[in-house]
Amino acid sequence: MLISMNWIQDFVDLSGQDLDQLIQRFTLSTAEVEEIIHKGRDIEKVVAGKILSVEKHPDSKKLHLLKVDTGSGVVDCVCGAPNVREGMVVPFACAGGRVCAGEIRETTIAGYPSVGMCCSEAELGISADHSGLMELPEDTAPGTDIKALYAIEDTVFEVDNKSLTNRPDLWGHYGIAREFAALAGRPLRPLEKAD
């Protein structure tokens with residue numbers, strides 16, 4: 001079972017706590033943790049970019065030549081996403097930034113300069129969807145850091161399901177949050193119930 005510490009913190013305030021150490025204490029006191037995954041830490045210099053213009057690449061059926069407003073200037077970008085269109089606001093990895101696939105560099109693609117990259121959800125580690133660009137709300141200001149828009153950074157850990165078979169109270173995030181509240185000596189927020 002995968003547990004998101006962002007979700008756990010919806011129920012218990014763990015600010016100031018070392019989450020990795022807290023998860024290790026959870027292993028010793030409650031259930032075996034198989035793996036700790038740090039999501040989003042490798043995402044850097046990704047901002048909301050507004051696509052100002054889209055032109056077909058003269059020598060390619062799939063590529064497009066874009067002008068993108070990054071909030072700190074307008075840059076050229078070569079893009080092969082099928083859903084690209086003028087006016088879209090997308091996550092834009094600036095040159096010198098990082099996405100899941102690695103560092104983004106200013107380069108030349110098929111004879112044209114590309115100063116960054118428009119991103120899919122897969123390239124940001126949000127989902128496995130790489131069918132097209134991730135679309136942000138149209139009113140998102142160019143230059144807004146993607147981490148200010150979405151909780152991309154998270155610590156996720158995997159609990160061995162066999163160690164929870166005799167603890168049905170731990171079969172969800174709220175039950176796990178109760179354990180973390182006890183480990184950290186912090187109050188557990190009440191679970192909101194639908195009327």
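Look up a bit, the structure's there.
What about helix H2 (residues 19–29)?
- Every buried residue of H2 is listed here: Leu-19, Leu-22, Ile-23 and Phe-26. Taken end-on, H2 shows its buried residues confined to a sector of 100 degrees, consistent with a single buried face. Among the exposed residues of H2, those oriented more than 90 degrees off its buried face are Gln-21 and Leu-28.
- Structurally, H2 contributes buried residues whose contacts are with helix H1 (5–8), strand S2 (33–39), strand S11 (154–159) and helix H5 (173–184).

A look at the environment of Ile-37
- Looking at the element boundaries, Ile-37 is found in strand S2.
- Residues Ile-37 and Leu-14 lie 23 residues apart in sequence; the distance between their C-alpha atoms is 18 Å.
- Those residues in contact with Ile-37 that sit more than four places away from it in its chain are Asp-154, Thr-155 and Val-156.

A word on unusual backbone geometry
- Even without being glycine, Lys-45 reaches a positive phi, approximately 55 degrees.
- Looking at where Lys-45 falls in the secondary structure, it is placed in strand S3 (residues 44–56).
- Of note in the backbone geometry, Ala-110 takes a positive phi value of approximately 50 degrees without being a glycine.
- If you trace the backbone, Ala-110 turns up in the loop between strand S8 (107–109) and strand S9 (112–114).
- The class of Ala-110 is partly exposed, set by a relative accessible area of 44%.

Re the environment of Thr-108
- Relative to the elements of secondary structure, Thr-108 occurs in strand S8.
- Judged by its relative accessible area of 54%, Thr-108 is exposed.
- Residues Thr-108 and Pro-168, spaced 60 residues apart in sequence, show a C-alpha to C-alpha distance of 56 Å.

Here we look at the nonpolar core
- Met-5, Ile-8, Leu-14, Phe-26, Phe-157, Ile-176 and Phe-180 are the most contacted members of the largest nonpolar core, which totals 23 residues.
- Residue contributions to this core peak at seven residues, all from H5.
- Not counting residues within four places of it along the chain, the set of residues in contact with Leu-14 comprises Met-5, Ile-8, Gln-9, Leu-19, Leu-22, Phe-180, Ala-184 and Arg-186.
- Cys-77, Cys-79, Val-84 and Leu-133 belong to the second-largest nonpolar core, a separate cluster that totals 15 residues.

Remarks on the pairing of S11
- With five of its six residues buried, S11 lies for the most part within the structure.
- Inspection of the sheet shows S2 paired to S11 by six bridges, in the antiparallel sense. Opposite His-38, over in S11, you have Thr-155 as the bridge partner.

Parameters and conventions
Residues numbered from 1 in each chain as written. Predicted model: local features only at pLDDT ≥ 70, side-chain atom pairs only at ≥ 80, totals over all residues. Heavy atoms only, no water. Buried < 20%, exposed > 50% of the residue type's maximum accessible area, 1.4 Å probe, protein only. Helix = DSSP H or I, 4+ residues; strand = E, 2+ residues; numbered from the N terminus. Arc of directions from axis to C-beta. Contact = heavy atoms within 4.5 Å. Core = buried A, V, L, I, M, F, W, Y, C linked by side-chain atoms within 4.5 Å. Pairing = 2+ DSSP bridges.

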